[in-house]
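Overview (structure and organization)
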Amino acid sequence: MADLRNNFVGIKSPNPFWLASAPPTDKAYNVERAFKAGWGGVVWKTLGEEGLPVVNVNGPRYGAIWGADRRLLGLNNIELITDRDLYTNLREMKQVKMNWPDRALIASIMVPCEEDAWKAILPLVEETGADGIELNFGCPHGMSERGMGSAVGQVPEYIEMVVRWCKQYTRMPVITKLTPNISDIRRPARAAKAGGTDAVSLINTINSIVSVDLDNFAPNPTVGGKGSHGGYCGPAVKPIALNMVAEIARDPETYGLPISGIGGITTWRDAAEFLVLGAGNVQVCTAAMTYGFKIVQEMITGLSDWMDEKGHRSLDDITGRAVPNVTDWQYLNLNYIAKAKIDQDACIKCGRCYIACEDTSHQAITNFVDGARHFEVMDEECVGCNLCVSVCPVENCITMEQLPAGALDKRTGRVVDPNYANWTTHPNNPMARQAAE
């Protein structure tokens, strides 16, 4: 059986599945239930500084995006950091850690960007026995307007400065949580590394308005006739999160920096994709809020079964395995040729492949042959874009098949070249021509 034990920057947990800092980790009651269900760790809902607690709205806090079957695809969240007293949280954290010493307990922290504020809260958190801290530089709403959250995460110099303070004033491992609301995720990651962070976690939520109530003309969720931008999360953000994790994992300046992957993880397969793209563990929120804490049991079983089936003995066997295969477009092999093929036995003759190709692509699929409804790919027109695969409702009905070296590409009239070639050396590339000259 695969070994799912996780050691993330010295923080040990029985599996790589942690609950992210969010409503599910706001109090001991929730966290105890999560640990009983099987979660390997939690990041406690973000703590603020000593004094009057943060005030949250007393109405709707979530807006939603659903699929056609009303499956939740994304949440917009306008809730702020914990509105419970700091010392209440600290007492509960200490008790939970005593009750569950084998589980990871991380304290998420957000205080003003002032050295004294960080210096004051760190020893209080350390006294709880927490295994580490996560610096919340990601929250895009409410707190960012107060100079915290993503307002810090969008300024690499601030990130490096605060990380240095934290490394100076605490023994605990420091995980820096990054905001996706930035043009290049590598810059804040590099800054965190320069400050001495032990790891980064990403992504936090994406700044968003998910919908507008067309009766009262206000964004959802609507509070007293008004709405606000919030943080977008859930399955819909997974592609953005995977890309940002991969960017950090393959950047020469941050290569090897431990990553805790966050963003739309709902199944064991989602988690595996984050792990192979360089994440050392994963954090989950929306899936737990949608299906409950026991969803982790499917994640654990699914990941373990897949690893057993593929012969992977431990998480080290898969972590980062896909990173070498992530490249820039200019290095993709231009001599790789593929064509779509339709399995006539599996085809239900719905015509979606035909209309997608005919109206929006390359007119490479028939709809009638000899007067009968028949869908077939015309190799002389097919560019191998695989749009038909994406729109077909029958899994594996349409597949992409590579043309072997030496075969004739009917579209171009040229024989498939066995040699690798990319845009950097292509004769149409003006830069390549200049270099040759």
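Before reading further, recall that the structure is shown in the block above.
Rules behind the numbers
Residues numbered from 1 in each chain as written. Predicted model: local features only at pLDDT ≥ 70, side-chain atom pairs only at ≥ 80, totals over all residues. Heavy atoms only, no water. Pairing = 2+ DSSP bridges. Helix = DSSP H or I, 4+ residues; strand = E, 2+ residues; numbered from the N terminus. Axes fitted to C-alpha atoms, helices over the stretch in contact; angles between N-to-C directions. Contact = heavy atoms within 4.5 Å. 1 Å grid on protein atoms, 1.4 Å probe; cavity = no way out; pocket = protein on both sides within 12 Å on 5 of 7 lines; lining within 4 Å. Points joined across faces, edges and corners; volume = space filled by probe spheres on them. Nonpolar A, V, L, I, M, F, W, Y, C, P; charged D, E, K, R; others polar. Core = buried A, V, L, I, M, F, W, Y, C linked by side-chain atoms within 4.5 Å. Buried < 20%, exposed > 50% of the residue type's maximum accessible area, 1.4 Å probe, protein only.

To continue, consider the sheet that holds strand β8 (residues 132-136). Read around the closed barrel, eight strands run β3-β4-β7-β8-β9-β10-β15-β16, paired in parallel fashion. On average, adjacent strands in this sheet sit at an angle of 25° to one another, irrespective of strand direction. Bridge analysis of strand β4 (residues 41-47) against strand β7 (residues 104-109) gives five bridges, and the strand direction is parallel. Residue pairing for β7: Val43 is matched across the bridge by Ile106. Running at roughly 165° to strand β15 (residues 259-262), helix α7 (residues 238-250) makes contact with β10 (199-202) and β15 of the sheet. On the sheet, helix α8 (residues 268-276) packs against β3 (17-19), β15 and β16 (281-284) and is oriented at approximately 135° with respect to β16.

If you walk through the whole model with that rule in mind, you get four cavities of 30 Å³ or more. By volume, the largest cavity amounts to about 450 Å³. Forming the boundary of the largest cavity are 35 residues, of which Ser21, Ala22, Lys177, Asn204 and Thr205 lie nearest the centre. Elements with a contribution of two residues or more to the lining of the largest cavity: β4, β6 (72-77), β14 (230-233), β16 and α9 (286-291). The element that contributes the greatest number of residues to the lining of the largest cavity is α9, accounting for three residues. For the lining of the largest cavity, the class distribution of residues is 19 nonpolar, 13 polar and three charged.

The subject of this paragraph is the nonpolar core. One finds Trp39, Trp118, Val125, Ile133, Leu135, Leu202 and Leu303 to be the most contacted residues of the largest nonpolar core, which totals 83 residues. Setting aside residues up to four positions removed in sequence, Val125 forms contacts with Leu47, Leu90, Ala107, Ile109, Ala130, Ile133 and Met172. In terms of nonpolar packing, the next biggest core, distinct from the first, is built from 15 residues, Cys353, Phe375, Val377 and Ile398 among them.

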